Amino acid sequence: MSELFEPDGPYDQRLARNADGSLAAFNQAGALSAADVHVAQRLGVLAGESDPAVLLAVALVSRAVRGGSVCVDLAETKAALSEIAPELPWPDADAEVWLARIADSPLTASGVLHLDFGLVYFDRYWRQEVQLCDDLAARARRTDALAGPERIAEAAARLFPGDSYAEQRAAALAAVGSRTTVLTGGPGTGKTTTVAGLLALLGSLDERAPRIALAAPTGKASARLLEAVRHEIADERFTEAERQTLAELSSSTLHRLLGSRPDNSTRFRHHRGNRLPHDVVVVDETSMVSLTMMARLLEALRPDARLVLVGDHHQLASIDAGAVLADLVAGLPDGPGAPAVVGSLHTNHRSERDIIELGEAIRAGDADAAVERLRTPSAELSYLDQTGVLTDDLRSAILGVALTVRAAAQAGDAVGALAALDEHRLLCAHRDGPLGVEHWNRQVEQWIAEATRGEGDDPLVEPWYVGRPVLVRVNDYALGLHNGDVGVVVREADGTVRVAFQSTGGIVAFPPSRLSAIETMHAMTIHKSQGSQAKQVTVLLPEEESRLLTRELFYTAVTRARFQVNVVGAESVVRSSLARRASRASGLRQRLEANGDRPR
Ligand SMILES: Nc1ncnc2c1ncn2[C@@H]1O[C@H](COP(=O)(O)OP(=O)(O)OP(=O)(O)O)[C@@H](O)[C@H]1O
């Protein structure tokens, strides 16, 4: 996070009135928000710390956390900010001396700040990171083999037969031998297939049927995991008994699995004193799981339960702080004694090669290969070398889906309307501005209004027009809706208008007045699209200067497409995105590499 804001004037609410010294200078340069300054000043007063260098460090930790990091690397932050704001008054001391002053501060003595690996933390994330590593290490010490190696190999050879399953077989065998497994791979590399085979393998080795939980950060992703596992077990390599056991599986969001509490969004009914009953827990789309959620999950698991974390670590990280999956993949050591094993899948098993190859070029940061792939005509890819405009074809595709959703919703067909939404997804980087979701939502509503003039339910007049696709923005525990759930306004047989959502148990529908924190979803941000896929995806890349434009953003957008992806953005924007990484400061990787040895 190295971007600055530009104050609108002396009364900009992002400016702290009572700041002085370097805090004021950083605030006025747009490097610190008013909140960062207030946190530093307040903590300084409470702990009796007045050293400006330490208070600046506190404000920079607060700033880093706002940007999704769990701690701050002061030297790196100084280098990044100095490039865009060379005039900032940094403390005279070099990084080592600055860290030593922080180490000697009463803020550190009282446990408000922590210093590890040269990184500065607030207490909360430091504790979570330490706890996560301790829990992983404790689980690794419990290794009781399920069966003899021959029996395991025999069952694995049946469930993952021949050369084409070699990579998945190896990953499944590693998972059988470990309490915690990270299963990572890009789209179509057979992660779900491996999960289905692994669950059958574990079931066939265990005398009693294991209690299995499938979960994902969003309802949509958890439903997709269940559907994919069910689809996979229809294959003939599964025995009837395995099919029956796995057919009874259900899935839920991670929040629901842990038992969400209405009074607290980061504490759950299941914890160290009330563990989850499951023998095996599989979490899909783990790249979206924040450090806090992962720490809560680890403490809620029975120490002998098996945990399988599935995901693609090249995608954008969680909305909340942390980059746990990427840190686990980068930091877990190989070999005996490692707190968890990593199974990496690389082979693509899908026929949509062009999308996969584009994704690989983006992931590798190979701009020439990505541009060449985009410019090579293909049924799977289309490319418009211009920022912020749509061709007539794309406009027709987007409007066509909106009208199909509307027709189904008017007929009271919630299943059909929700399914039609997955035909095409328009993805933007930002919410605001001419390239943002809000602009494109209004634009699509305008197109619908023009195409359906005189046919009732004008989107420009009716807030709850039939066929309006909506996205839930915050968890609503009373209704069982979660941030990221997708719904559509439908007219029911009795003429009432309700908003229908797909839940794991089927369709649920609520009157509009029961819903809060809802936004229209003709277009969606790439961040919000994580964990979902559509048959066709149109990616509207932002301006080159956008602070969100990164390789991870572009990769995540492109890999949301099942069959076709349309990229809209100047070549210079494509190239810039590949040159920039979304980096988050965290000590998890170093902590895992140290494998339990606490630094100081
Ligand atoms: N070893 C294999 N041989 C042949 N086909 C396979 C193999 N593994 C998986 N497949 C098929 O490839 C397709 C993609 O597999 P799968 O859904 O497991 O991948 P995934 O990594 O979970 O993908 P995504 O996360 O994008 O949904 C499926 O149709 C699956 O049946």
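Residues numbered from 1 in each chain as written. Predicted model: local features only at pLDDT ≥ 70, side-chain atom pairs only at ≥ 80, totals over all residues. Heavy atoms only, no water.

Enquirer: What exactly am I supposed to notice about the overall build of the chain here?
Expert: A tally of regular secondary structure across the chain gives 24 helices and 20 strands. For 600 residues, the compact-globule estimate of 2.2 N^0.38 gives 25 Å, and the chain sits close to it at 25 Å. Counting only C-alpha atoms, the chain reaches 70 × 65 × 50 Å along its principal axes. Every one of the 600 residues in the chain was classed for burial, and the buried ones make up 55%. Taking contacts inside the chain between residues at least 6 apart in sequence as the whole, the part at least 24 apart equals 73%. For the chain, the distance from the average site of its 63 positive side-chain charges to the average site of its 79 negative ones is 5 Å. (Helix = DSSP H or I, 4+ residues; strand = E, 2+ residues; numbered from the N terminus. Rg over C-alpha atoms; globule rule 2.2 N^0.38 Å. Buried < 20%, exposed > 50% of the residue type's maximum accessible area, 1.4 Å probe, protein only. Contact = heavy atoms within 4.5 Å. Lys, Arg positive; Asp, Glu negative; His and termini not counted. Charge placed at Lys NZ, Arg CZ, Asp CG, Glu CD.)

Enquirer: Even after reading the chapter, I still don't get the site of the ligand, so can you show me in this structure?
Expert: Lining the immediate surroundings of the ligand are 15 residues, of which Q168, K191, T192, T193 and R350 lie closest. With respect to the ligand, the backbone of S164 contributes an N or O atom lying 2.9 Å from a nitrogen atom. At 3.1 Å, a backbone N or O of G188 approaches an oxygen atom of the ligand. In isolation the ligand has 630 Å² of accessible area, and contact with the protein removes 74% of it. Looking at which element gives the most residues to the shell around the ligand, the answer is helix α10 (residues 191–205), with three residues. Counted by class, the shell around the ligand contains two nonpolar, nine polar and four charged residues. (Near = heavy atom within 4 Å. Polar contact = N/O pair within 3.5 Å; in protein donor to acceptor, adjacent residues only side chain to side chain. Areas by Shrake-Rupley, 256 points an atom, 1.4 Å probe, with all protein chains shown as cover. Nonpolar A, V, L, I, M, F, W, Y, C, P; charged D, E, K, R; others polar.)

Enquirer: Can you help me understand the UniProt feature "binding site: ATP" (unreviewed entry) in the chain in this one?
Expert: Taking the UniProt record as the reference, the feature "binding site: ATP" (unreviewed entry) is found at G185, G186, P187, G188, T189, G190, K191 and T192. For G185, the position within the fold is in strand β3 (residues 180–185). Judged by relative accessible area, G185 falls into the buried class, the value being 6%. Contact partners of G185, with chain neighbours within four places excluded, come to K191, G311, D312 and L345. (UniProt positions renumbered as here; feature names shortened; annotations may be inferred.)

Enquirer: What is the right way to read the sheet that holds strand β18 (residues 523–525) from this model?
Expert: Neighbouring strands of a sheet are bound in pairs by backbone hydrogen bonds; such pairs are parallel or else antiparallel. What the five strands build is an open sheet, ordered β11-β20-β19-β12-β18; its pairing is parallel. Every other strand in the sheet has two partners, leaving β11 (381–384) and β18 as the edge strands with one partner each. Between one strand axis and the next, the sheet turns by 25° as a mean value, whatever way the strands run. (Pairing = 2+ DSSP bridges. Axes fitted to C-alpha atoms, helices over the stretch in contact; angles between N-to-C directions.)

Enquirer: In this structure, what is going on with helix α22 (residues 551–558)? I would like to understand it.
Expert: Since the α-helix turns once every 3.6 residues, residues separated by three or four places project in the same direction. Most of α22 is tucked away, with eight of its eight residues classed as buried. Burial in α22 covers these residues: R551, E552, L553, F554, Y555, T556, A557 and V558. For α22, the elements touching its buried residues are α16 (353–364), β12 (424–428), α21 (526–529), β19 (534–540), β20 (561–568) and α23 (571–579).

Enquirer: Mind showing me how you'd approach the packing of helix α17 (residues 367–375) against α23 here?
Expert: Any two packed helices are characterised by the angle at which their axes cross and by the distance between the axes. Close contact between α17 and α23 brings their axes to 9 Å; oriented N to C, the two are set at 140°. With respect to each other, α17 and α23 are oriented oblique. Judged by the sense of rotation from one axis to the other, the crossing of α17 with α23 is right-handed. Listed contacts from α23 to A367, D368, A370, V371, L374 and R375 of α17 are E571, V574, R575 and L578. (Parallel < 35°, antiparallel > 145°, perpendicular 65-115°, else oblique. Left-handed = near helix turned anticlockwise from the far one by under 90°.)

Enquirer: In this structure, what is going on with the environment of E6? I would like to understand it.
Expert: Residue position: E6 is located in the segment before α1 (21–28). Here E6 falls in the exposed class, since its relative accessible area comes to 69%. Sequence separation between E6 and K78 is 72 residues, and the spatial gap between their C-alpha atoms is 19 Å. Contact partners of E6, with chain neighbours within four places excluded, come to D12 and R14.

Enquirer: What is the right way to look at unusual backbone geometry in this model?
Expert: Peptide bonds are trans in most cases, and residues, glycine excluded, mostly fall at negative phi. Backbone geometry at E285 places phi at a positive 55°, although glycine is not the residue there. Mapping E285 onto the fold places it in the loop between β8 (280–283) and α14 (291–300). The phi torsion at A517 lies on the positive side, around 50°, for a residue other than glycine. Looking at the secondary structure, you find A517 in the loop between β16 (506–510) and β17 (518–520).

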